[in-house]
Number of protein chains: 2
Amino acid sequence: MADPEPACPIAPVVDIVFSRWTTPILWALHEYGRQRFVELARRISTITPKVLTQRLRQLERDGMITRTYHPEVPPRVEYEITELGRSLAPLFAELAEWGAAHLDAVQRAREAYDADPTRP
Amino acid sequence: MADPEPACPIAPVVDIVFSRWTTPILWALHEYGRQRFVELARRISTITPKVLTQRLRQLERDGMITRTYHPEVPPRVEYEITELGRSLAPLFAELAEWGAAHLDAVQRAREAYDADPTRP
DNA sequence: CGGTATCCTTTACGATACTG
DNA sequence: CAGTATCGTAAAGGATACCG
């Protein structure tokens with residue numbers, strides 16, 4: 001896969017951290033601490049186990065979270081955010097602030113755009 | 001499309017701003033100012049005109065950029081980032097900083113993960 | 001409990017050609 | 001120049017069922 005824009009320094013970061021499900025997963029682990037697989041699944045209620053596994057593996061590979069397997073019956077697996085993952089916290093806070101401040105403006109822009117009848 | 005995680009406040013922001021091409025487009029407009037279609041296309045060298053048009057329309061609809069059509073021959077269309085789009089600037093700067101500081105750690109994590117032979 | 005396996009749909013993206 | 005049209009591909013995601 002070719003680099004979208006070599007001169008854009010944040011494209012690689014986006015690739016690692018921001019997809020449909022990685023963001024909610026990292027948020028949940030950051031916000032509510034170490035959690036089991038099923039806890040995450042319940043919190044992110046619309047995700048399927050297959051996709052949850054896929055994203056967790058990717059985040060683990062990228063060093064953003066750790067996976068700890070406890071060989072009990074029934075098995076217990078815990079996920080936790082790493083220092084590297086936690087280093088995103090201020091960024092996440094700013095993103096949340098931006099959303100709170102500007103999401104309604106985006107919504108209004110959409111309505112204005114869609115309402116314009118001169119747009120074919 | 002169901003909301004990925006209603007309780008995750010940054011998911012909607014990610015949906016608007018961070019996709020493979022929207023980030024480089026916004027970055028280019030923020031960094032180099034008002035530009036024509038073909039200038040953007042050249043700067044983001046690997047994007048195709050179809051996809052560039054699609055992302056530009058979406059960003060315009062979301063109020064992040066403006067499109068100005070000058071009815072000349074040959075036609076001239078200029079894209080410019082809006083105030084709303086510009087409000088992302090500090091966020092982009094922080095993301096770039098995060099990348100500069102931590103991208104190598106991600107790379108090392110990947111290598112360590114891939115090199116572990118006990119992972120089936 | 002913590003996943004896999006299988007199959008399917010959606011969506012973004014891409015290649016190429018063409019037009020007002 | 002600034003797109004549009006029409007293909008096709010590929011990756012993400014979803015539904016459902018099943019397993020150690």
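Residues numbered from 1 in each chain as written. Chains lettered and ligands numbered in written order. Predicted model: local features only at pLDDT ≥ 70, side-chain atom pairs only at ≥ 80, totals over all residues. Heavy atoms only, no water.

### Description of the packing of helix H6 (residues 89-115) of chain A against helix H6 (residues 89-115) of chain B
The angle between the axes and the distance between the axes are what describe a pair of packed helices.
Item 1. Where H6(A) contacts H6(B), the two axes come as close as 10 Å, and the packing angle between them is 165 degrees. Taken together, the axis directions place H6(A) and H6(B) in an arrangement best described as roughly antiparallel. Between H6(A) and H6(B) lies a crossing whose hand is left-handed. Facing Pro90(A), Leu91(A), Glu94(A), Leu95(A) and Trp98(A) of H6(A), the residues of H6(B) in contact are Pro90(B), Leu91(B), Glu94(B), Leu95(B) and Trp98(B).
Item 2. Taken together, the residues of the contact of H6(A) with H6(B) sort by class into 8 nonpolar, no polar and 2 charged. (Axes fitted to C-alpha atoms, helices over the stretch in contact; angles between N-to-C directions. Helix = DSSP H or I, 4+ residues; strand = E, 2+ residues; numbered from the N terminus. Parallel < 35°, antiparallel > 145°, perpendicular 65-115°, else oblique. Left-handed = near helix turned anticlockwise from the far one by under 90°. Contact = heavy atoms within 4.5 Å. Nonpolar A, V, L, I, M, F, W, Y, C, P; charged D, E, K, R; others polar.)

### A word on the protein's contact with DNA strand C
Item 1. Residues in close proximity to DNA strand C total 20 residues, the closest being Arg36(A), Arg67(A), Tyr79(A), Arg20(B) and Lys50(B).
Item 2. Backbone sugar and phosphate groups make up 75% of those atoms of DNA strand C lying within 4 Å of the protein.
Item 3. In this structure, a phosphate oxygen belonging to DNA strand C sits 2.7 Å away from a side-chain N or O atom of Arg67(A).
Item 4. Residue Lys50(B) places a side-chain N or O atom 2.3 Å away from a base oxygen belonging to DNA strand C.
Item 5. Breaking the surface near DNA strand C down by element, the ones donating at least two residues are helix H3 (37-43), helix H4 (49-61) and strand E3 (76-81) of chain A together with helix H4 (49-61) of chain B.
Item 6. Its residues placed into classes, the surface near DNA strand C shows 9 nonpolar, 2 polar and 9 charged. (Near = heavy atom within 4 Å. Polar contact = N/O pair within 3.5 Å; in protein donor to acceptor, adjacent residues only side chain to side chain.)

### Focus: the UniProt feature "domain: HTH hxlR-type" (unreviewed entry) in chain A
Item 1. As recorded in UniProt, the sites labelled "domain: HTH hxlR-type" (unreviewed entry) are residues 8-107 of chain A.
Item 2. Helix makes up 61% of residues 8-107 of chain A and strand 14%, whereas the separation of the span's terminal C-alpha atoms amounts to 27 Å. (UniProt positions renumbered as here; feature names shortened; annotations may be inferred.)

### Some thoughts on the protein's contact with DNA strand D
Item 1. As a structural note, the neighbourhood of DNA strand D is formed by 21 residues, with Lys50(A), Arg55(A), Thr53(B), Arg67(B) and Tyr79(B) the closest of them.
Item 2. If you look at DNA strand D and keep only atoms within 4 Å of the protein, 72% of those are sugar or phosphate atoms.
Item 3. Take Arg20(A): an N or O atom from its side chain is 3.3 Å from a phosphate oxygen of DNA strand D.
Item 4. At 2.4 Å from a base oxygen of DNA strand D is found a side-chain nitrogen or oxygen belonging to Lys50(A).
Item 5. The set of elements that each furnish at least two residues to the surface near DNA strand D consists of H4 of chain A together with helix H3 (37-43), H4 and strand E3 (76-81) of chain B.
Item 6. The greatest single-element share of the surface near DNA strand D, amounting to 4 residues, is contributed by H4(B).

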